[in-house]
Amino acid sequence: MAADAPPVPALLQVEGLHAYYGRAHILADVALSAAAGDVLALLGRNGAGKSTTLKSIMGLVRPAAGQIVFDGVRIDGTAPYRIARLGLGFVPEDRRIFTDLSVMENLEVGRQQPRPDAPTWTPERLFELFPNLGRMKSRPGGRMSGGEQQMLTIARTLMGNPKCVLLDEPSEGLAPLIVEQMAHAIRTLRQEGLCVVLSEQNLHFSSLVADRAVIVEKGRVRFAGTMDELRADPAVREQYLSV
Ligand SMILES: Nc1ncnc2c1ncn2[C@@H]1O[C@H](COP(=O)(O)OP(=O)(O)OP(=O)(O)O)[C@@H](O)[C@H]1O
Ligand SMILES: [Mg+2]
């Protein structure tokens, strides 16, 4: 089996993805796949196309070509809310918490029915995953730090009991101690059998959590392989990542 493929059948499979903003051809032939219990890092510098890839998977940017299969269903061309209902969660770059609602109320906003083939999350379980949030259950979202808000958006997405989550730069702007907590949380999601695709510029964070990596540059895939292969390839890292 190819090193750039997940070890078990993919839950999320993207092939030949092309996307445009107006006339600008942003993604060209992007491919990636991730299985249950698999963490894939989508790496690349500013403007490489990481967020556009995640938004295209989620239906927020309409792919011009390509095939996106989630859990056996073609989802390219499907509305974002329908994709979410299939069990694909998305945490965008601009964390959109409700600033007037408390932590508990923000979590309730994300609640969906339990899914037979995905872990079921409750606020109590999420406070085990993110202990900081458990200490501020009634605090309004607007009076939390950026890192706490980041944890809250991930926790709220998990309230939808997804099978797979797309996280856009989960470590961005976090203090080192909080980065460790975030890494621990993502490793727990993997243990729970979730499929996780995270975009990152931070190679250190990615190596704490990811099994495999895809590097994009100018909207094209430049590397796909295991984190070990990436660690062993300084030329690729220097060419496409800010290290
Ligand atoms: N709404 C938009 N309209 C037009 N161009 C856009 C839009 N959003 C992004 N772009 C352009 O598309 C390209 C890819 O952007 P994208 O946000 O996917 O990059 P990224 O890898 O997520 O970068 P970063 O690490 O800075 O978040 C960039 O050239 C960017 O300027
Ligand atoms: Mg981005």
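Above this text is the structure in question.
Residues numbered from 1 in each chain as written. Chains lettered and ligands numbered in written order. Predicted model: local features only at pLDDT ≥ 70, side-chain atom pairs only at ≥ 80, totals over all residues.

A.B. asks: Account for the sheet that holds strand 7 (residues 164-168), with residues named and values stated.
C.D. replies: Reading across from one edge, 6-7-8-3-9-10 is the order of the six strands in this open sheet, with mixed pairing throughout. Each having just a single partner strand, strand 6 (88-91) and strand 10 (220-226) make up the two edges of the open sheet. Direction aside, neighbouring strands of the sheet carry axes that sit 15° apart on average. In the packing of helix 6 (residues 146-158) onto the sheet, contacts are made with strand 6 and strand 7, and the angle to strand 6 comes to roughly 165°. (Pairing = 2+ DSSP bridges. Helix = DSSP H or I, 4+ residues; strand = E, 2+ residues; numbered from the N terminus. Axes fitted to C-alpha atoms, helices over the stretch in contact; angles between N-to-C directions. Contact = placed C-beta atoms within 7 Å.)

A.B. asks: Summarise the environment of V103; cite the residues concerned and give the values.
C.D. replies: Locating V103 in the fold gives a position in helix 3 (residues 103-109). The exposure class of V103 is buried, given the 29 C-beta atoms found within 10 Å. For V103 and V214, which are 111 residues apart along the polypeptide, the C-alpha to C-alpha distance reads 34 Å. What V103 contacts, discounting residues up to four positions off in sequence, is L133, M136, K137, R139, G141 and L152. (Buried ≥ 20, exposed ≤ 12 C-beta atoms within 10 Å, placed from the backbone.)

A.B. asks: Can you break down the pairing of strand 10 residue by residue, with the values?
C.D. replies: In this structure, strand 9 (residues 212-217) lies alongside strand 10, joined through six bridges in antiparallel fashion. Paired with A213 across the strands is G225, a residue of strand 10. Two successive antiparallel strands, strand 9 and strand 10, enclose a turn made up of two residues, where K218 displays a positive phi of approximately 45°.

A.B. asks: Account for the site of ligand 1, with residues named and values stated.
C.D. replies: Taken together, 13 residues lie around ligand 1, and Y21, N46, K50, S51 and T52 are the ones closest in. Residue assignment for the shell around ligand 1 shows that the elements contributing at least two residues are strand 2 (24-34) and helix 1 (50-57). The element best represented in the shell around ligand 1 is helix 1, accounting for three residues. Split by residue class, the shell around ligand 1 holds four nonpolar, seven polar and two charged. (Near = placed C-beta within 6 Å. Nonpolar A, V, L, I, M, F, W, Y, C, P; charged D, E, K, R; others polar.)

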